[in-house]
Every structure is written in structure tokens, then in C-alpha cells.
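# Geometric and topological summary
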Amino acid sequence: MHTLELRNLRKTFGSVEVIPGASLSVEPGEFCVFVGPSGCGKSTLLRMIAGLEPSDSGDILIGGARVNDLEPSKREIAMVFQSYALYPHLSVAGNMGLALKQAGKSKAEVTAAVNRAAEMLALGPLLERRPAELSGGQRQRVAIGRAIVRTPKLFLFDEPLSNLDAALRGQTRLELAKLHRELGATMVYVTHDQVEAMTLADRIVVLNAGRIEQVGAPMELYNRPANRFVAGFIGSPKMNFLPVATLGGSAPATASELGIRPEHLAITESGIPARVTHVERLGHETIVYAETSGGLVSVRLIGEHDLPVEQGIHLTPDPAHSHWFDSAGKRL
Ligand SMILES: Nc1ncnc2c1ncn2[C@@H]1O[C@H](COP(=O)(O)OP(=O)(O)OP(=O)(O)O)[C@@H](O)[C@H]1O
């Protein structure tokens, strides 16, 4: 188990500053997830940690040692990519054991390490197959297995599940969580998937245009987002924002907007007038979209509900779950 520390790490591509200065401490054994909109710099930051992308300035420390000037292969990290990047001519066992073989380990050592990883990932029966003879999910497990056998100081994952279908993604997510528990290793994981971030992370790092907006445990970000960006990014459907002027009720003096999650808006006899524009019935819940004078909002109702489009309704925010933001987007 090792720490990862970033100190004022900067990166520009040409004249574009992609990472204006990132500082972050990842604890030993922590599962740290980077999230943020497309193009915010998640992959660039991960590639800088891996050494695949040079940084302009700042420090990267793994286990307390500065690694900026080390080749990727000397940083003792293992990286799992979205594209599994397996060697097609090698068997599963060959792919998984290659790095150890190249490091000069004996055949017995390589076999033992491969078998141990194969057992953790239920790859035992597939060890002699070639990548072309595997499903997408199996290939990704081999890529993860290849990372495990090296017992690296740090695991880096770049959207490893995004090529899998929804069911397999869910299953592999559970396997990854289990693997993290078993290995107790420090992991940094990039995703744009809300559910992966919320369920896998010990701590989530929310990035916006290369800047770290907030770092915190999933529920901390959900319940106490530092600002409007984080509030709107974490949660699906996203938080509703209503200008204070359209509420007709009491609000803190310096508030300019109310942030309220779909599950914290109730359909009531009186309240904010709205008109139903669309209803999504998912079985276990119903999402009602409605137009108010302050904009479109979504309301999450438990179970099945039949609401006709165009119907007039009234909405009441739960005061205990109301988030207030000032004109600069800071949460009050
Ligand atoms: N080699 C490069 N040359 C120039 N610009 C680049 C290069 N690589 C990335 N960028 C730019 O840097 C920014 C960050 O890209 P990056 O891939 O890190 O984002 P991301 O958050 O991982 O996005 P996504 O979720 O879409 O993968 C983007 O604006 C991208 O266009």
C-alpha cells in the first residue's frame, strides 16, 4: 500500500492550459475516482501519473518518492485501459505473465503469480485461450489480471468498463470492488459513469476544466456539494436549480438559487406552479419532468405513477434538503 501525492501539477498542450495546477493526496489503500465532464483533463492527469504524458511543472510522488523523472516502467504502477491492449498472439496466461517474465522471474514464480490472479478473477478455465476467443468482459478481466500479477505500488484505471454492456459493467464493477477489498491496494480510477464513481470510490475528485472542484467521500459530495458545479454534476437525474425570485417563499438573504434534488421535490396541493412535460416510468420509480417559471425541473417519485402530460401541478421543496447557492455558485 502506497500513497500518491500530486503537488501543483501543471500541463499545457500548445497554448491551452489543460491542468492549471492540481494538488491531491491519495491515502494508502484508497480507491480514488476522478470524475468530470468530457475534456476536463481526467485522462491527462492519469497519464501524467503513469508517466505517459510529461508534466510542465509540479511533483508526482508515489510512496513518498518523486517519480517525475522516472520512465513509466520504473514507476511500479499498473495501468488498465478502456481498450484492453492485450497481445493477440499470446494466451491469457502469456498475457498475464509477460511483465514478470520480462522482469526475469523464474517460470515457477510466473506460473504461481498468474494462477493466483486467475483465481481472484475466475479466469482459471480460460488461461490457454487467446484474446480473440474471449468476450469483452473476459478480456477486461485479463487486462486487470495482468495488472495484479505485478503487485504494483499503484493501480491506474482509465474508464476500464466503458466498452462493456450495462449488465456486464454492473457485474465487473462488483468484481472490482471485491478485488480492491482483497488487495487493499491504492487505486486511481477515471470514469464518467456516476454509478461507478459513487459505488467504487472511497473518495471522489470532481474535475472541471482541469481544476479540482471538490474532493470527498461520495455521500459527502452528494449531501454537501461545495458549489453549484459539483451539485449539478453528482446525481442523476441532476439537481434542479431554481432562481430564488421564482420561489415565492423564504430564502437566505444572499441566496440567488435553490438547488433541490429530484427526490426532494414533492407534488403537493399548493406550492410552485408547474406543468408536466414528460413522464418516464421505470417501474421502481417514475421521473416527472415539469416546466416552472424558473425552468424545467425533474421530480422523482417512488413506484408507478400515471400523470398526464400538460397537467398542472404544484411542487414543494423539502426544506431539510434544500441547497442554497450565491450568485458566484458557492453553496451557502
Ligand atoms: N495530445 C494532445 N494535444 C492537444 N490537446 C490535447 C491532447 N490530449 C488531450 N488534449 C486536450 O486536453 C483536454 C483534456 O483531455 P482529456 O483527455 O484529459 O479529458 P478527459 O476528461 O479524459 O475527457 P473524456 O472524458 O472525454 O475522455 C481536452 O480539451 C483535450 O482536447
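Just so we're clear, the structure is a prediction, and the values are computed from it rather than from any experiment. For every chain, the first residue of its written sequence is number 1, and the numbers climb from 1 along that sequence. This being a predicted model, a pLDDT of at least 70 is required before a residue's local features are given, and a value of 80 or more before pairs of side-chain atoms are given or counted; all residues contribute to the totals for chains, interfaces and linings.

## A closer look at the domain arrangement of the protein
Frequently, the measure chosen for interface size is the accessible area removed from exposure when the parts meet. Stated precisely, the cut-off is as follows: Here the limits of each domain have been adopted from an automatic or database domain assignment.
When its domains are assigned, the protein resolves into domain 1 (4-230) and domain 2 (237-249 + 257-325). For domain 1 and domain 2, the distance between their C-alpha centroids amounts to 38 Å.

## Here we look at the nonpolar core
Using the following cut-off: Only buried Ala, Val, Leu, Ile, Met, Phe, Trp, Tyr and Cys residues enter a nonpolar core, and they are joined through C-beta atoms within 7 Å. Using C-beta atoms placed from the backbone, we call a residue buried if 20 or more other C-beta atoms fall within 10 Å of its own, exposed if 12 or fewer do, and partly exposed for counts in between. Once C-beta atoms are placed from the backbone, any two residues with those atoms within 7 Å are in contact.
Ranked by size, the top nonpolar core spans 78 residues in total, and within it V33, F34, L156 and V188 carry the most contacts. Both of domain 1 (4-230) and domain 2 (237-249 + 257-325) provide at least three residues apiece to this core. When near neighbours in sequence (up to four residues on either side) are disregarded, F34 contacts K42, L45, L46, V188, V190, V205 and L207.

## So, the packing of helix α2 (residues 92-102) against helix α3 (residues 107-120)
Helix-helix packing is characterised by the crossing angle of the two axes and by the distance between the axes. Quick reminder of the rule: Fitted lines through C-alpha atoms give the axes, limited to the stretch in contact for helices. The angle between two N-to-C directions lies from 0 to 180 degrees. Here a helix means four or more residues in a row that DSSP labels H or I, a strand means two or more in a row labelled E, and each is numbered from the N terminus. Should an angle lie under 35 degrees it is considered roughly parallel, over 145 roughly antiparallel, and from 65 to 115 roughly perpendicular; all remaining angles are considered oblique. When the near helix sits turned anticlockwise from the far one by under a right angle, the crossing is termed left-handed; a clockwise turn instead gives a right-handed crossing. All residues other than Ala, Val, Leu, Ile, Met, Phe, Trp, Tyr, Cys, Pro, Asp, Glu, Lys and Arg, Gly among them, are scored as polar; the first ten of these are nonpolar and the last four charged.
For the pair α2 and α3, interaxial distance at closest approach is 9 Å and the crossing angle is 130 degrees. Classed by the angle they form, the pair α2 and α3 counts as oblique. For α2 against α3, the interelement crossing comes out right-handed. For the pair α2 and α3, contact is made by A93, M96, G97, L100 and K101 and by E109, V110, A113, V114 and A117, respectively. Classifying every residue of the contact of α2 with α3 gives seven nonpolar, one polar and two charged.

## A few points about the site of the ligand
Quick reminder of the rule: Only the C-beta atom, placed from the backbone, is used; a residue is near a molecule or strand if that atom lies within 6 Å of it.
The immediate surroundings of the ligand are formed by F13, V18, G36, S38, G39, C40, G41, K42, S43, T44 and H192. With three residues, the top contributor of residues to the shell around the ligand is helix α1 (residues 42-50). Within the shell around the ligand, the residues separate by chemical class into three nonpolar, seven polar and one charged.

## Here's the deal with the sheet that holds strand β16 (residues 295-302)
Cut-off, in case you're wondering: Should DSSP find at least two bridges between two strands, the strands are regarded as paired.
Read across the sheet, five strands follow the order β13-β17-β14-β15-β16 without closing on themselves; strand pairing throughout is antiparallel. Looking along the sheet, the strands with just one partner apiece sit at the ends: β13 (265-268) and β16. On average, each strand axis in the sheet is tilted by 45 degrees relative to the strand beside it, whichever way the strands run. Pairing of strand β15 (residues 285-292) with β16 involves eight bridges; the strand directions are antiparallel. Considered in β16, the bridge of Y289 is made with S298.

## Details of unusual backbone geometry
Omega for the bond connecting S236 with P237 falls within 30 degrees of zero, at -5 degrees, which places this linkage in the cis form. One can find P237 in the loop between α8 (228-233) and β11 (240-243). Of note, the phi angle at N8 is positive, near 45 degrees, even though the residue is not glycine. Checked against the element boundaries, N8 lands in strand β1 (residues 4-13). When the 13 C-beta atoms within 10 Å are taken as the criterion, N8 is described as partly exposed. You will see that E310, though not glycine, has its phi angle at about 85 degrees, which is positive.

## Describing the environment of Y189
By the secondary structure assignment, Y189 is in strand β8 (residues 187-190). As a C-alpha pair, Y189 and H2 span 187 residues in sequence and 15 Å in three-dimensional space. In this view, Y189 contacts F31, V33, F157 and L200; residues no more than four positions away in its chain are not counted.

## Brief notes about the sheet that holds strand β18 (residues 323-325)
Within the open sheet, the three strands sit side by side as β11-β12-β18. Their pairing is antiparallel. One side of each edge strand has no neighbouring strand; the edge strands of this open sheet are β11 and β18. Going across the sheet, the axis of each strand differs from the next one's by a mean of 30 degrees, ignoring polarity. Strand direction decides the pairing type here: strand β12 (residues 257-260) and β18, joined by three bridges, are antiparallel. Considered in β18, the bridge of G259 is made with H323.

## Section: helix α5 (residues 166-183)
We apply this condition: Here, expected helix span is obtained from the residue count minus one, scaled by 1.5 Å. The directions considered for the arc run from the helix axis to the C-beta atoms.
With 18 residues, α5 should reach 26 Å at 1.5 Å per residue; the first-to-last C-alpha distance of 25 Å fits that figure. Buried within α5 we find T172, L176 and L179. In a view along the axis of α5, the buried residues occupy a sector of 65 degrees, so they form one face of it. Exposed residues lying more than 90 degrees from the buried face of α5 are A166, A167, L174, K178 and R181. Next to the buried residues of α5 lie α3, α4 (136-148) and α6 (194-200). Residue G184 follows α5 closely and has a positive phi angle near 60 degrees.

## Quick word on the packing of α2 against α4
Orientation of α2 relative to α4, taken along the N-to-C sense of each, is 30 degrees, at an axis distance of 7 Å. By the angle between their directions, the pair α2 and α4 is classed as roughly parallel. In this structure, α2 crosses over α4, and the sense of that crossing is right-handed. Together, V92, N95 and M96 of α2 and V142, G145 and R146 of α4 make up the contact between the two elements. Looking at side-chain class alone, the contact of α2 with α4 contains three nonpolar, two polar and one charged residues.

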